[in-house]
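# Geometric and topological summary
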Amino acid sequence: MKKILLSVIVILVFSVSSEAQFTVSKADGTPLTNGQILTFNSIVYAQSSLALKITNTAPNSINMRITCQSMTNTNGQLMEVCFGPDCYGTTAVGDVFPSSGSVNILTGVVDNSCHMFNSDLGISTSVPVDYVFKIYQIGDLGSQIGTPFIFTYRYDATLSNTIVVGQNSKSVILKSTSVNNNLDLEVNSKSDFSIYDLSGRLVLENNLDYGTQTIDVSKLTPGLYLINFVNENGDTSSDKFIKK
């Protein structure tokens, strides 16, 4: 009888430990599903940063880690990952975050220290930049236990050139996305603009009045740039252009 009872206890403990004891959501509380692909079309911090919340649903505290399982069209040198007290400026396949130890989350507590930001346009702009991450729980011996949470952070340059985060999609229109010295615009609503280079560095900013406007980009080095607009109503949009 004791052997049977012990076996039942072992099975119950294994069943509980093999189930996911945490949930993952975006910073705004939107729940994420295992295997989900989160896609971004920008390398600008405000638009491509990903902040996650990990909630402990177990009856006891849990220890968590994150690892990069794979990456595509990138070497990981421009992917920042933060988890726990530390941030890491580069990422490689097999990297574990934090690099030593784990992040302890008390029962019922939400940890919001997980943050990621990609500023790599990719080796080829015709192929998405993918990072596959695994969030998982570890036991007392440091080995993975339970069901991991796997998701993909994707930067896709092939998405629509203009991505709007507001209601007015026609505030500013680029007349050409390949220019020499001047970037010609049709401004339908007074807006502020900011231009970023491939590394996410702000290189130029100013405001635009209503009507046909021109931005002098002659001093910019040749390459691909991203320009952000914010109109009077707070609506935002982004465009890519090439300085020849």
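### With respect to the sheet that holds strand β18 (residues 211–216)
Note: strands within a sheet are paired through backbone hydrogen bonds, in either parallel or antiparallel orientation. Taken in spatial order, the three strands make up an open sheet running β13-β15-β18, and their pairing is antiparallel. With one partner strand each, in any of the chains shown, β13 (172–174) and β18 form the two edges of the open sheet. Taken over all neighbouring pairs, the strand axes of this sheet differ in orientation by 30° on average, direction set aside. Pairing analysis gives three bridges linking β13 to strand β15 (residues 182–187), with the strands arranged antiparallel.

### Brief notes about the sheet that holds strand β6 (residues 86–88)
One open sheet holds the five strands; their spatial order is β1-β3-β9-β5-β6, and the pairing between them is antiparallel. Of all strands in the sheet, those with a lone pairing partner are β1 (22–26) and β6, marking the two edges. Sheet twist, expressed as the average angle between the axes of neighbouring strands with direction ignored, equals 20°. The pairing of β1 with strand β3 (residues 50–56) spans five bridges and is antiparallel.

### Some words on the pairing of strand β9 (residues 110–118)
Of all nine residues in β9, seven are buried; the element is thus mostly enclosed. In terms of strand pairing, strand β5 (residues 79–83) meets β9 through four bridges, oriented antiparallel. For V81, the partnering residue across the bridge sits in β9 and is M116.

### Focus: the nonpolar core
Ranked by size, the top nonpolar core spans 33 residues in total, and within it M116, F133, I135 and F151 carry the most contacts. Examining the composition of this core, we find that five residues originate from one element, strand β4 (residues 62–72), more than from any other. With residues up to four places along the chain from it excluded, the contact list for F151 reads Q36, L38, L50, L52, M116, Y131, V132, F133 and I135.

### Description of the side chain of S194
By the element assignment, S194 lies in strand β16 (residues 191–196). Ignoring anything within four residues of it in the chain, the contact list for S194 reads L202, L204, E205, L226, I227 and N228.

### Overview of the pattern of salt bridges
A side chain of one charge can pair with a side chain of the opposite charge if their charged atoms are brought near each other. All chains considered together, the criterion is met by three salt bridges. For R154, the salt bridge is made with D130, and the minimal N-O distance between the two is 2.7 Å. In this pair, R154 is assigned in strand β11 (residues 144–155) and D130 in strand β10 (residues 129–138), connecting sequence segments 24 residues apart. According to the relative accessible area criterion, D130 is buried, its value standing at 13%.

Here is what the cut-offs are and how they apply
- Residues numbered from 1 in each chain as written.
- Predicted model: local features only at pLDDT ≥ 70, side-chain atom pairs only at ≥ 80, totals over all residues.
- Heavy atoms only, no water.
- Pairing = 2+ DSSP bridges.
- Helix = DSSP H or I, 4+ residues; strand = E, 2+ residues; numbered from the N terminus.
- Axes fitted to C-alpha atoms, helices over the stretch in contact; angles between N-to-C directions.
- Buried < 20%, exposed > 50% of the residue type's maximum accessible area, 1.4 Å probe, protein only.
- Core = buried A, V, L, I, M, F, W, Y, C linked by side-chain atoms within 4.5 Å.
- Contact = heavy atoms within 4.5 Å.
- Salt bridge = Lys/Arg side-chain N within 4 Å of Asp/Glu carboxyl O.

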